[in-house]
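Read off the chains here:
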Amino acid sequence: MANSPQAKKRARQAEKSRTHNASLRSMVRTYLKKVLAAIASGDQDAAKTAYVSAVSVIDRMADKGILHKNKAARHKSRLNSKIKAMSAAA
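Residues numbered from 1 in each chain as written. Predicted model: local features only at pLDDT ≥ 70, side-chain atom pairs only at ≥ 80, totals over all residues. Heavy atoms only, no water.

Asker: What is the right way to look at the environment of R10 in this model?
Answerer: Position of R10 relative to the elements: it lies in helix α1 (residues 5–41). Each C-alpha atom of the pair R10 and A72 lies 29 Å from the other, and the pair is 62 residues apart in sequence. Among the polar contacts made by the side chain of R10, one reaches the side chain of Q13 at a distance of 2.5 Å. (Helix = DSSP H or I, 4+ residues; strand = E, 2+ residues; numbered from the N terminus. Polar contact = N/O pair within 3.5 Å; in protein donor to acceptor, adjacent residues only side chain to side chain.)

Asker: Explanation requested: helix α3 (residues 69–89) in the structure shown.
Answerer: Along an α-helix, residues three or four apart share an orientation, since each turn contains 3.6 residues. The terminal C-alpha atoms of α3 lie 30 Å apart, and with 21 residues this matches the ideal 30 Å at 1.5 Å per residue to within 8%. Three or more residues of α3 are buried, namely A72, L79, I83 and M86. Down the axis, α3 shows its buried residues gathered within 55° of arc, on one side only. With respect to the buried face of α3, the exposed residues turned more than 90 degrees away are K69, R78, K84, A88 and A89. Buried positions along α3 lie against α1 and α2 (44–64). (Expected span 1.5 Å × (residues − 1). Buried < 20%, exposed > 50% of the residue type's maximum accessible area, 1.4 Å probe, protein only. Arc of directions from axis to C-beta. Contact = heavy atoms within 4.5 Å.)

Asker: Whenever I open this one, a positive patch on the surface confuses me. Can you help?
Answerer: On the surface, a cluster of positive charge is made up of R25, R29, K33, K71, R74, R78 and K82. Elements supplying a minimum of two residues to the positive patch: α1 and α3. Top element by residues in the positive patch is α3. It accounts for 4 residues. For K82, the location among the structural elements is in helix α3. What makes K82 partly exposed here is its relative accessible area of 43%. (Patch = residues over 30% accessible without salt bridge, like charges linked within 9 Å, V, L, I, M, F, W, Y side chains within 5 Å. Areas by Shrake-Rupley, 256 points an atom, 1.4 Å probe, with all protein chains shown as cover. Salt bridge = Lys/Arg side-chain N within 4 Å of Asp/Glu carboxyl O. Lys, Arg positive; Asp, Glu negative; His and termini not counted. Charge placed at Lys NZ, Arg CZ, Asp CG, Glu CD.)

Asker: Where do I start with the packing of aromatic side chains in this structure?
Answerer: The geometry of an aromatic ring pair is captured by the separation of the ring centres together with the interplanar angle, meaning the angle of the planes. Inspection of every chain in the model, using the stated rule, returns 0 aromatic pairs. One residue, K34, lies across the ring of Y31, its end atom 4.8 Å from the ring centre. (Phe/Tyr/Trp six-rings, centres within 6.5 Å; stacked < 30°, edge-to-face > 60°. Lys NZ or Arg CZ within 6 Å of the ring centre and 35° of its normal.)

Asker: Where do I start with α2 in this structure?
Answerer: The end-to-end C-alpha distance of α2, which contains 21 residues, comes to 30 Å, matching closely the 30 Å that a straight helix rising 1.5 Å per residue would cover. Considered for burial, the residues of α2 that qualify are A47, A50, Y51, A54, V55, V57, I58, M61 and A62. Taken together, the buried residues of α2 touch α1 and α3. The backbone nitrogen of D45 has a side-chain oxygen 3.4 Å away, supplied by the residue at the start of α2, namely D43.

Asker: Can you help me understand the packing of α1 against α2 in this one?
Answerer: Each pair of packed helices can be summarised by the angle the axes make with each other and by the distance between the axes. Their axes nearest at 9 Å, the elements α1 and α2 cross at an angle of 160°. By the angle between their directions, the pair α1 and α2 is classed as roughly antiparallel. Two packed elements cross with a definite hand, and for α1 against α2 that hand is left-handed. The segment α1 lies against α2, with L24, M27, V28, Y31, L32, K34, V35, A38 and I39 engaging A46, A47, A50, Y51, S53, A54, V57, I58, R60 and M61. Residue classes in the contact of α1 with α2 are distributed as 16 nonpolar, 1 polar and 2 charged. (Axes fitted to C-alpha atoms, helices over the stretch in contact; angles between N-to-C directions. Parallel < 35°, antiparallel > 145°, perpendicular 65-115°, else oblique. Left-handed = near helix turned anticlockwise from the far one by under 90°. Nonpolar A, V, L, I, M, F, W, Y, C, P; charged D, E, K, R; others polar.)

So, in structure tokens, the structure goes:
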């Protein structure tokens with residue numbers, strides 16, 4: 001456990017930051033699930049609109065360092081390829 005006042009403050013700040021970052025990561029996962037649900041339902045227009053909003057959130061979190069930039073790019077690429085595959089299959 002932290003002993004000095006400085007270490008106690010850093011522990012408080014780290015906990016606050018951890019909970020805030022966890023909620024942001026959760027938000028990203030929610031947006032990803034919305035896109036995947038739209039893809040699973042077969043509605044390409046809904047999937048495209050959900051994808052656009054998800055990309056905005058993913059990019060913001062990558063800029064903040066909540067997600068690694070390569071992981072953000074990987075998510076966007078995989079979702080986009082699934083949406084494109086919907087039009088090819090139809």
